[in-house]
Amino acid sequence: MNYKLLLFGILSLGFARISAQTFPLQVKEDKLTYVTDERGNRILDYSSCGYRNSEQAIPDVANVVFVPWQSGDNSSRIQRAIDYVSSLAPDKNGFRGAVLLDKGTFDLQESLRISVSGVVLRGSDKEQTVLLKKGVDRGALLYMEGRNDLSVTDTLDVLTPYVPVNTCTFQVTDKVQLASGERIRILRPATKEWIASIGCHIFGGGISALGWKAGEMDLVWDRSVSQVDGNQLTLDAPLTLALDNAWGTVKVLRYSWPGRIAEAGLENLTLASDYDKKYPKDEDHCWTGVSIENAENCWVRRVNFKHFAGSAVIIQRTGSKTTVEDCISTEPVSETGGMRRTTFYTMGQQTLFQRCYSKHGIHDFSAGFCAAGPNAFVQCDSEESLGFSGAIDSWACGLLFDVVNIDGHDLVFKNLGQDKNGAGWNTANSLFWQCTAAGIECFSPAKDAVNRAYGCWAQFSGDGQWAESNNHVHPRSLFYAQLAARLDKDCSARARILPMATNATSSPTVEAAMKMAKEAYTPRLTMRKWIEDAPYTACVSSGKLKSVEDLKFKTPVQKEKEKHLFAIMNGRMQMDGRLLVGGR
């Protein structure tokens, strides 16, 4: 028998099966066509991420007060200006106005807070307006956060037995009539049976302590009802997982949330943390640039970040519909391990990070514990990364990494197992599109929770769905192709796709080779340079603005921070004489 011929035949059969695999998205003339599976699941539409579902550009809010530079601690002066704008009545679009900061370095001994809707903090110059946080507080320089006073007013059951991925319509119990435009939350329970089905009840060693427990990985999406037909609802944006009542009844929660803020922003300046220059890995200083919590439809744009130990921007679990764009983070100061240097980080949903650059981060672009999604990273570059990007904790679903380049490390969708105290599966229904990295790991947890990679360049591993590996593909950005299709209009101006030659060849004609040789004399346009040159149309003239010193305004009395007494008794930590316990 010719064993060589038999082996060749077996290998050929295997290759034929691989090449015959149909990727569930077809592209023809830059048009997208989706292929559904036998249950109706398809690749997610990620284009609802960002400020106002990315249906409109970030607004240029009018300036109303000017803060001139002054030496010394400027915390109270800038906070007074923020509080003044917060006291103004919002206009018809919900904006109260912007605080314009002078050029110069403003020292801050205390954090700043935006806690009312419609307030923007703006610098006169991205490079020359600097907020420098001093002191040993490990918190954030700026908190953009409302009140956590969400109240559930009613609970309905989802009656549709199976709602496929990307389907926005389903039926609910009809005991209450919902209205178009009403805000709801959808809760998908993590039951014991479902956890076992994806292998996260135990991670090996015969020990289940780190395994997922029922109720720990519930996903909760925040949506608006766009249409009501009897007891059938249509949502304004898709959910990131299939809803399967075989694993437990999905709930719809009606709620009120009066303290959540919106229409707040930070733009056109530099945030920096002071640190002890004698210790290059000092950690007794400000950890976070901007923390966004209990907020929606907010933004951070054209901001530089320096020396933060934790995150440049973190979207907490109660943050949604946030855009972070044209931002650069460099020179982080910290140890290199643990939950440090998670540079652009979301634990919320419908977050859009676009045109962001990170140097020396650990998890430069990442999503955290049970980030419901979708969340999108579009046109983001890292340099000299010290760790992987992707989902860095449990079950952050519906991630899009679209034209993301990780220098020196990996992009990861997989089961993290016991890492991060039993993180297990880090994502589902996520997609790498036209990304590069040292390695790309793309594994899938279930048939209706598939992770995918399309047109990527790296060393590959994983049983996810792959197509067009090591190829340039069109459209260049999936996010903006989906957005253009959803809105039925050209979005290329807002996309600002970095120009890139995609017609490389190893055997050019003489004419083509001469042309490419001539082009080689021009330095390559980098993402960092592309971000630095981003246009800015908001007004930065102090003109006839009131100075903060001229305001006739009574500063609100800040509620004194509650003080607690901590102690360790018999090896247990106590607060105010009571055992201190954890909780989410």
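Just so it is clear, the model here is predicted, and its values are computed rather than measured.

Another point: the side chain of R301. Position of R301 relative to the elements: it lies in strand β21 (residues 295–306). A distance of 2.8 Å separates polar atoms of two side chains, one belonging to R301 and the other to D60. Filtering out sequence-adjacent residues up to four positions away, R301 remains in contact with I58, P59, D60, L266, E267, N268, E325, C327, Y536 and A538.

Here the focus is helix α2 (residues 75–87). For α2, with 13 residues, the first-to-last C-alpha span of 18 Å sits near the 18 Å given by 1.5 Å per residue. Burial analysis of α2 places 11 of its 13 residues in the buried class, which makes it a mostly covered element. Every buried residue of α2 is accounted for by S75, R77, I78, Q79, R80, A81, I82, D83, Y84, V85 and S86.

Okay, the packing of aromatic side chains next. On inspection of all chains with the given rule, the structure shows 19 aromatic pairs. Seen from their ring centres, W194 and W212 are 6.1 Å apart, and the 35° between their planes marks the pair as tilted. Of the two residues, W194 is situated in helix α3 (residues 192–197) and W212 in the loop between α3 and β14 (219–229); the sequence distance between them amounts to 18 residues. Note on accessibility: W194 and W212 belong to one class, buried. Ring geometry for F305 and F344: centres 6.5 Å apart, planes at 85°, overall edge-to-face. Of the two residues, F305 sits in strand β21 while F344 sits in strand β24 (residues 344–346), which places them 39 residues apart along the sequence. Comparing F305 with F344 shows no difference in burial state: the two are buried.

On to a nonpolar patch on the surface. Residues F566, I568, M573 and L580 make up a contiguous nonpolar surface patch of roughly 410 Å² in combined accessible area. Considering the arrangement of structural elements, one finds L580 in the segment after β39 (578–579).

With that settled, consider the sheet that holds strand β13 (residues 183–188). Ordered by their spatial adjacency, six strands build an open sheet running β10-β17-β13-β14-β15-β12, and the pairing between neighbours is antiparallel. The outermost strands of the open sheet, each flanked by one partner alone, are β10 (151–157) and β12 (169–171). The average angle at which neighbouring strand axes cross in this sheet is 40°, direction not considered. Note: β13 against β14, six bridges, orientation antiparallel. Counterpart to L187 in the pairing with β14 is V220.

Looking at the element boundaries, K321 is found in strand β23 (residues 319–330). The sequence separation of K321 and C298 amounts to 23 residues, and the corresponding C-alpha distance is 7.0 Å. Among residues more than four places away in sequence, those in contact with K321 are G50, Y51, R52, N53, R183, S224, D236, E296, N297, C298, Q349 and Q350.

Before going further, it helps to examine the sheet that holds strand β38 (residues 572–575). The three strands lie next to each other as β37-β38-β39, forming an open sheet whose pairing is antiparallel. Both outer strands of the open sheet, β37 (566–569) and β39, are each paired with one neighbouring strand and no more. Note that β38 and β39 share two bridges and pair antiparallel. When the bridges of β39 are listed, M575 appears paired with R578.

With that out of the way, let us pick up the pattern of salt bridges. Applying the stated criterion to the full structure yields 28 salt bridges. The closest approach of N and O atoms between R183 and D222, which form a salt bridge, is 2.7 Å. A residue pair is termed long-range when its members are at least 10 positions apart, and R183 in strand β13 and D222 in strand β14 qualify at 39 residues. Here R183 and D222 have matching classes, each one buried. E296 is the partner of R183 in a salt bridge, and the nearest nitrogen-oxygen pair spans 2.9 Å. Placement of the pair is R183 in strand β13 and E296 in strand β21, with a sequence separation of 113 residues. For the pair R183 and E296, one class covers both residues: buried. Counted as one network, the salt bridges with shared partners bring together R183, R185, D222, R260 and E296.

Rules of the game
- In this numbering scheme, every chain counts its residues from 1 along its sequence in written order.
- A pLDDT threshold of at least 70 governs which residues receive local features in this predicted model, and a stricter bar of 80 or more applies before side-chain atom pairs are shown or counted, although totals over entire chains, interfaces and linings include all residues.
- Each side-chain value is worked out from all heavy atoms of the structure, with water and hydrogens disregarded.
- Numbered from the N terminus, helices here are DSSP runs of H or I no shorter than four residues, and strands are runs of E no shorter than two.
- Within 3.5 Å is the distance limit for a polar contact, defined as a pair of N or O atoms, with the added protein rule that one can donate a hydrogen and the other accept it, and that residues adjacent in sequence qualify only through two side-chain atoms.
- Contact criterion: two residues are considered in contact whenever any of their non-hydrogen atoms come within 4.5 Å of each other.
- The span you would expect from a helix comes to 1.5 Å times its residue count less one.
- Here's how the labels work: a residue is buried when its accessible area is under 20% of the maximum for its type, exposed when over 50%, partly exposed in between, all with a 1.4 Å probe on protein chains only.
- Two aromatic rings, drawn from Phe, Tyr or Trp (for Trp, its six-membered ring), form a pair once their centres lie within 6.5 Å of each other, and the interplanar angle then sorts them: stacked below 30 degrees, edge-to-face above 60, tilted otherwise.
- A residue counts toward a patch only above 30% relative accessible area and without a salt bridge, and it is joined to like-charged neighbours within 9 Å or, for Val, Leu, Ile, Met, Phe, Trp and Tyr, to nonpolar neighbours within 5 Å.
- Shrake-Rupley sampling with a 1.4 Å probe provides the accessible areas, and residues are treated as covered by the protein chains on show and by no other component.
- Note on definitions: salt bridges are taken to be side-chain nitrogens of Lys or Arg within 4 Å of carboxyl oxygens of Asp or Glu.
- For two strands to be treated as a pair, DSSP must find at least two bridges joining them.
- In this analysis, axes come from line fits to C-alpha atoms, helices being fitted only over the stretch in contact, and the angle between any two N-to-C directions falls in the range 0 to 180 degrees.

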